[in-house]
Each structure stands twice: as structure tokens, then as C-alpha cells.
Amino acid sequence: MAVWRLALGLGAAIAMGMALGGCATGKTQEAETVLIEHGVKSGVSIERTGLLFGSIGFVPRSETVSALSFHLRSLDNPGYRVEVFATNRATHGRWRTPDIDSESQRLWVFSGNLPVGRYEIALAAVSFVDARDIHWINFKDPIPVDVTTDGAVYVGRWQITPTDVAVVGTQLRVPGTPLLLRDSPDEDQALLARRLGISPIGKRAIVDALRDLMEQGRT
């Protein structure tokens, strides 16, 4: 297995409060398979949760990539973590119809509640043609995530894009890998509203974690 060791210099802390609230809708929705919980929540009621949103996918759409994921692990409850996972194979058990599916891109928008507490993103992974050949991307400095009941945190658009493909807009290329993080909160919120029938964010303030990284020079 190939392992990419990264030196991103992300700094000591990135405060990311996460609260998107309920997702009432008249639409019939597919099950949310992009977010995968591992472990057991430690007795946190629904009133003590916050919620995360963003998107994940492959730009351009490519059959040479099998899957992409990144992982939020709890620091307060080490047995609990949330995997954000996108499969590029319609035959996979966790396949969900993409929110954008064209030759130029295949993307899934996501949102979900997490227990209030401290998290970090320290790991991402990509599989190419052989799904069993997992390339792990380890962040030298994990990204701290503080989950609160205030605001709505946007964690960016995580996408696999070859290094020779030009992408428009604010972005962060993870050195030495095809992983690109884009800052597209308005577009992703619109996709989320289209998917659910209503935006779960409402009037909550959005904390744009990726933009904060760039403005603070911690990239």
C-alpha cells in the first residue's frame, strides 16, 4: 500500500462548530450512505449535536478511481469516528445516486449530525482501479474540529483531480497527491437544498473551515 506523508502546516487549532439542524422534506430521499459512523456514541442526546456539510467526489468523472474517503475521529470518545465515503462504482453496496453526474464531475453532497465535542481529521484515502489497493493520505498536522450546537460548518469539497487538470475557484491541493479541496459553500448548500427539498442550514451562520485555513496561512 502506498502511503503519502504530508506536511501541511495546518497549525494548532481550527475551530469548526457544526449545526445544520433537522432535514424535514416532502421528497423521497435515498438513504445517506456517504456518512458512515464507526463505534458507539457516548450517551449524547440529539439536543447536544452539531452538523457538518460539504461534498465529495471525482473531477473529472473517471473509471480509473474506485473510492475516496476522509475520516473525523473523536478525541473525547476515542471509539467513535465518522467516515465520509464516496464510491465510484454503482455496484457497490454504499452507492448513492450522485448529486452531479456528468463527464466533467461526479459529486455527492452530504450533511449529518455529530455529538458535540472535539474531533480531528488526520486521514484520507483513495482507491484506484483495484478497490483493495488503498492509498492512505496521512496529515502530518491533524485538522482539529470543535463540534458545537452553533453555526453550520462547511468542510469543503473533497475531490480527486489529477494534477494536470486545471480547476477554477479557491482551492487547496494536497501536495504529492490527486486530492484537491475546493471552497464552494454556496454551490454545495444549493445542492444540499435540491437534494433534501429544503436547506437544513436555515439562518445559521456558516463557518467556512477551508477558507479560514487559507486566510490564516495554515496551508
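Here is what the cut-offs are and how they apply
- Residues numbered from 1 in each chain as written.
- Predicted model: local features only at pLDDT ≥ 70, side-chain atom pairs only at ≥ 80, totals over all residues.
- Heavy atoms only, no water.
- Buried < 20%, exposed > 50% of the residue type's maximum accessible area, 1.4 Å probe, protein only.
- Helix = DSSP H or I, 4+ residues; strand = E, 2+ residues; numbered from the N terminus.
- Pairing = 2+ DSSP bridges.
- Polar contact = N/O pair within 3.5 Å; in protein donor to acceptor, adjacent residues only side chain to side chain.
- Contact = heavy atoms within 4.5 Å.
- Core = buried A, V, L, I, M, F, W, Y, C linked by side-chain atoms within 4.5 Å.
- Phe/Tyr/Trp six-rings, centres within 6.5 Å; stacked < 30°, edge-to-face > 60°.

Considerations on the pairing of strand β3 (residues 49-58)
Move 1: The element β3 is largely enclosed, with a buried count of ten among its ten residues.
Move 2: Here ten bridges tie β3 to strand β7 (residues 106-115), and the two strands are oriented antiparallel to one another. Note on β7: the bridge partner recorded for G57 is L107.

Quick word on the side chain of S74
Move 1: By secondary structure assignment, the location of S74 is in strand β4 (residues 65-74).
Move 2: Within polar-contact distance, the side chain of S74 engages the backbone nitrogen of N77 at 2.8 Å.
Move 3: Each residue touching S74, except ones within four places of it in the same chain, is listed here: Y80, R118 and Y119.

A look at the nonpolar core
Most often, soluble globular proteins have nonpolar side chains that are buried together.
Move 1: Counting 36 residues, the largest nonpolar core has I56, F70, L72, V84, F110, W158 and L179 as the members making the most contacts within it.
Move 2: Among the elements that make up this core, the one with the highest residue count is strand β9 (residues 134-147) (five residues).
Move 3: When near neighbours in sequence (up to four residues on either side) are disregarded, W158 contacts S55, I56, G57, L68, F70, I121, A124, F139, L179, L180 and L181.
Move 4: Counting eleven residues, the second largest nonpolar core, distinct from the first, contains V109, A152, Y154 and L192.

With respect to the packing of aromatic side chains
Move 1: Under the counting rule described, the total for this entry stands at seven aromatic pairs.
Move 2: Consider the rings of F53 and Y154, whose centres lie 5.1 Å apart with planes at 45°: the pair is tilted. Here Y154 lies in strand β10 (residues 152-160) and F53 lies in strand β3, a separation of 101 residues in the sequence.
Move 3: Taking the relative accessible area as the measure of exposure, Y154 reaches 0% and is therefore buried.
Move 4: Measuring from ring centre to ring centre gives 6.0 Å for F58 and W108, while their planes differ by 90°; the resulting arrangement is edge-to-face. A residue pair is termed long-range when its members are at least 10 positions apart, and F58 in strand β3 and W108 in strand β7 qualify at 50 residues.
Move 5: On the basis of relative accessible area, F58 is assigned to the buried category, the value being 1%.
Move 6: These aromatic residues form a ring-pair network of at least three members: F70, F110, F139 and W158.

Section: the pairing of β9
Move 1: Examined bridge by bridge, strand β8 (residues 117-128) and β9 share ten bridges and lie antiparallel to one another. Bridge assignment links Y119 to a residue of β9, and that residue is V145.
Move 2: Hairpin connection, β8 to β9: the antiparallel pair is bridged by five residues.

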